[in-house]
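# Commentary on secondary and tertiary structure
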Amino acid sequence: MSNYRIQGATGEWEVVIGLEVHAQVTSKAKLFSGAATAFGAEPNAQVSLIDAAMPGMLPVPNRECIRQAVRTGMAIDAQINAWSRFDRKNYFYADLPQGYQISQLYHPLVGEGKLLIEADEKAGIPQDKWIGIERIHVEQDAGKLMHDQHPTMSYVDLNRVGVALMEIVSRPDMRSPAEAGAYVRKLRQILRYVGSCDGNMEEGSMRADVNVSVRRPGEEFGTRTETKNVNSVRFVMAAIEYEASRQVDLIERGGKVVQETRLFDPGTGTTRSMRSKEDAHDYRYFPDPDLLPLELDDAFLADCRASLPELPDAKRARYTGELGLSDYNARELTAEVETFARFETLLAATAAALGKPDAKVATQVANWSLSVAPGVMKALGEEADPANATAQAQAAILKMQDAGEISGGQAKEIFEIVLKTGRDPAEIAETEGLKQTSDTGAIEAAVDTVLAANADKVEQYKGGKEALFGFFVGQTMKAMQGKGNPQLVNQVLKAKLG
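If you're wondering where the values come from, they're calculated on a predicted model, not measured in any experiment. (Residues numbered from 1 in each chain as written. Predicted model: local features only at pLDDT ≥ 70, side-chain atom pairs only at ≥ 80, totals over all residues. Heavy atoms only, no water.)

On to the overall build of the chain, then. Broken down by element type, the chain carries 15 helices and 16 strands. The C-alpha radius of gyration of the chain comes to 30 Å, more than 25% above the 23 Å expected for a compact globule of 498 residues. Projected onto its principal axes, the C-alpha coordinates of the chain cover approximately 95 × 60 × 55 Å. The burial tally for the chain puts 47% of its 498 residues in the buried class. Sequence-distant contacts in the chain: of pairs separated by 6 or more residues, those separated by 24 or more amount to 68%. Each charge class in the chain was averaged separately, 56 positive and 70 negative side chains, and the resulting centres sit 2 Å apart. (Helix = DSSP H or I, 4+ residues; strand = E, 2+ residues; numbered from the N terminus. Rg over C-alpha atoms; globule rule 2.2 N^0.38 Å. Buried < 20%, exposed > 50% of the residue type's maximum accessible area, 1.4 Å probe, protein only. Contact = heavy atoms within 4.5 Å. Lys, Arg positive; Asp, Glu negative; His and termini not counted. Charge placed at Lys NZ, Arg CZ, Asp CG, Glu CD.)

Laid out in structure tokens, this is it:
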């Protein structure tokens, strides 16, 4: 139960949130034509005769778009409808050549599912929570109006017309901006794991329509507004916060919330009215006469399910269970597809180099992947060549560190040189003098020198001031120019200090 409340002049209010997320399907072709879908193409360079609604052009469903939508439904444990149908949503707009949008209203491809958002006390999510998903339907996108190309006219770019979208409609189960933000992040994570959408909100391949209403806690739902095309998690949360407060203020002043479509202004953090909200009957939906119903056979569904990867929750559970990683490391490593892919590649390479099972080296590799390697690369900036950061090179560094041949600091220095030059880590350690000394004779000589030079502190240590042990370690490492094996230095010091 969310404890998020809006404090109005007349008491507390609860916000009720539902999201309609439009996710562009990963496909090289559009939903009903073979036109390309690449981002950033010249205006109107990716428009087929079907997209332009030329007479006599008939749509043909793209099998891959349907497959990706089904896989997405399976990933959220949703009902997959083996029989579904396309409908025409009729409305006129300058960037919609057909005068209608092919969508699915009455018989969607994917039915009810659910998505788990995890507890986050800092964000105000006190416990894990399931968010219901009403459906996922497949539809074609519209084009884009450009108002900044001419002083008196608007231009139309039809490149996006016909691009396949999954509209993922949640239940009104969210009760705070934080829950909505967590939902969008989790949904994006799943889409990217599955590979059905790249999740790039800045490029418009994932965007949310935000439905918000307010009520007294526990009472009936209020009238909702819909804020269209919000293109970042941060903006989704900001739009909810502003819109909920606006509605509370309006109601408490004696006004009424009107069901309408609004737009969010990122510059001011406010919403503004766009048009009155249409009901479904206003679009005069009817079955598309040019398209037969979609009928999915068992073999197709089995292939879709077999193609699913290990999903985020299962992967995180495996990392903490089988690999023994901390909850924090497991969460960070599974947050993004690229992060876990790099980690798993490096883990396999390191385990092979050390001849140890994955679980024995997982924490070492996780700490390197999350902290050490990114820190070195960030510090180098443009001097670093990411192509040099191969799994084999990093595994070689971790192997030397595991064997006590190099220290953590030396590992960083070696990695810096690898990133700049691509040289072999073992060769760098040898020629650049970046190896630890494990010669007990040399370590003993250095310890004797340090203890002799600090006889007064030795007496204090033996008198009970044990905190001085760190001082002796530091002085010994300094005398050895940082090349002494810390474990052996500790052992020798403990033996000599008694």
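That covers the picture; the talk isn't over yet.
On to the sheet that holds strand 15 (residues 286-287). Pairing between sheet strands relies on hydrogen bonds along the backbone, with the strands arranged either parallel or antiparallel. The three strands are arranged 5-4-15 in an open sheet whose pairing can be described as antiparallel. At either end of the open sheet lies a strand with only one pairing partner, and these are strand 5 (100-103) and strand 15. Judged from the four bridges that link them, strand 4 (residues 87-90) and strand 5 form a sheet pairing that is antiparallel. The residue bridging Asp87 from the neighbouring strand is Ser103, located in strand 5. (Pairing = 2+ DSSP bridges.)

Now for empty space enclosed by the protein. Scanning all chains against the criterion turns up one cavity of 30 Å³ or more. Of the volumes computed, that of the largest cavity is approximately 40 Å³. Taken together, Phe32, Ser33, Ile50, Asp51, Gln98, Gln140, Val161 and Gly162 make up the lining of the largest cavity. Among the residues making up the lining of the largest cavity, the classes are represented as three nonpolar, four polar and one charged. (1 Å grid on protein atoms, 1.4 Å probe; cavity = no way out; pocket = protein on both sides within 12 Å on 5 of 7 lines; lining within 4 Å. Points joined across faces, edges and corners; volume = space filled by probe spheres on them. Nonpolar A, V, L, I, M, F, W, Y, C, P; charged D, E, K, R; others polar.)

Next up on the list: helix 1 (residues 63-75). Across its 13 residues, helix 1 extends 18 Å between first and last C-alpha, which sits within 8% of the 18 Å expected from 1.5 Å per residue. Every buried residue of helix 1 is listed here: Cys65, Ile66, Arg67, Gln68, Ala69, Val70, Arg71, Thr72, Gly73, Met74 and Ala75. Elements in contact with the buried residues of helix 1: strand 7 (129-140), strand 10 (164-170), helix 2 (177-194), strand 16 (294-295) and helix 4 (298-306). By the N-cap criterion, in which a side-chain oxygen at the helix start approaches the backbone nitrogen of a residue two or three places on, helix 1 is capped by Asn62, the distance to Glu64 being 2.9 Å. (Expected span 1.5 Å × (residues − 1). Polar contact = N/O pair within 3.5 Å; in protein donor to acceptor, adjacent residues only side chain to side chain.)

By the element assignment, Ser27 lies in the loop between strand 2 (11-24) and helix 1. Within the structure, the side chain of Ser27 is placed 2.9 Å from the backbone oxygen of Ala29, a separation counted as a polar contact. The contacts of Ser27, once residues within four sequence positions are left out, are Thr37, Asn62, Glu64 and Cys65.

Taken together, the side chains of Leu49, Met54 and Met57 present a nonpolar region at the surface, about 270 Å² in accessible area. You can see Leu49 is positioned in the loop between strand 2 and helix 1. Look at Leu49 and you get exposed, because its relative accessible area is 52%. (Patch = residues over 30% accessible without salt bridge, like charges linked within 9 Å, V, L, I, M, F, W, Y side chains within 5 Å. Areas by Shrake-Rupley, 256 points an atom, 1.4 Å probe, with all protein chains shown as cover. Salt bridge = Lys/Arg side-chain N within 4 Å of Asp/Glu carboxyl O.)

Let's shift gears to the pattern of salt bridges. One pass over the full model with this rule turns up 38 salt bridges. Lys129 serves as the salt-bridge partner of Glu179, at 2.9 Å between the closest nitrogen and oxygen. In this pair, Glu179 sits in helix 2 while Lys129 sits in strand 7, placing the two residues 50 residues apart along the sequence. Residues Glu179 and Lys129 agree in their burial class; the two are buried. Each of Arg5, Glu12, Glu14, Arg175 and Arg215 takes part in salt bridges that share partners, so that together they form one network.

Glancing now at the side chain of Ser48. Among the structural elements, Ser48 can be located in the loop between strand 2 and helix 1. Given a relative accessible area of 19%, Ser48 falls into the buried group. A distance of 3.4 Å separates polar atoms of two side chains, one belonging to Ser48 and the other to Ser33. In terms of polar contacts, Ser48 uses its side chain to reach the backbone amide nitrogen of Ile50, at 3.2 Å. If we ignore the near neighbours within four places in the chain, the residues touching Ser48 are Ser33 and Ala35.

Glancing now at the environment of Pro172. Counting through the fold element by element, Pro172 comes out in the loop between strand 10 and helix 2. Given the relative accessible area of 31%, Pro172 is considered partly exposed. Ignoring anything within four residues of it in the chain, the contact list for Pro172 reads Val16, Ile17, Gly18 and Phe221.

Let us look at helix 6 (residues 327-334). The complete set of buried residues in helix 6 reads Asn329, Ala330, Leu333 and Thr334. Buried residues of helix 6 fall within an arc of 115 degrees about the axis and therefore sit on the same side. On its buried face, helix 6 is in contact with helix 2, helix 5 (312-321), helix 7 (337-354) and helix 8 (358-380). (Arc of directions from axis to C-beta.)

Next up on the list: the packing of helix 7 against helix 8. Interaxial distance between helix 7 and helix 8 falls to 9 Å at its minimum, and their mutual angle equals 130 degrees. Here helix 7 lies oblique to helix 8, going by the angle between them. Relative to helix 8, helix 7 is oriented so that their crossing is right-handed. Contacts between helix 7 and helix 8 involve Thr339, Phe343, Leu346, Leu347, Thr350, Ala351 and Leu354 from the first element and Asp358, Val361, Ala362, Gln364, Val365, Ala366, Trp368, Ser369 and Leu370 from the second. (Axes fitted to C-alpha atoms, helices over the stretch in contact; angles between N-to-C directions. Parallel < 35°, antiparallel > 145°, perpendicular 65-115°, else oblique. Left-handed = near helix turned anticlockwise from the far one by under 90°.)

All quantities given are derived from atomic positions and should not be read as evidence of function.
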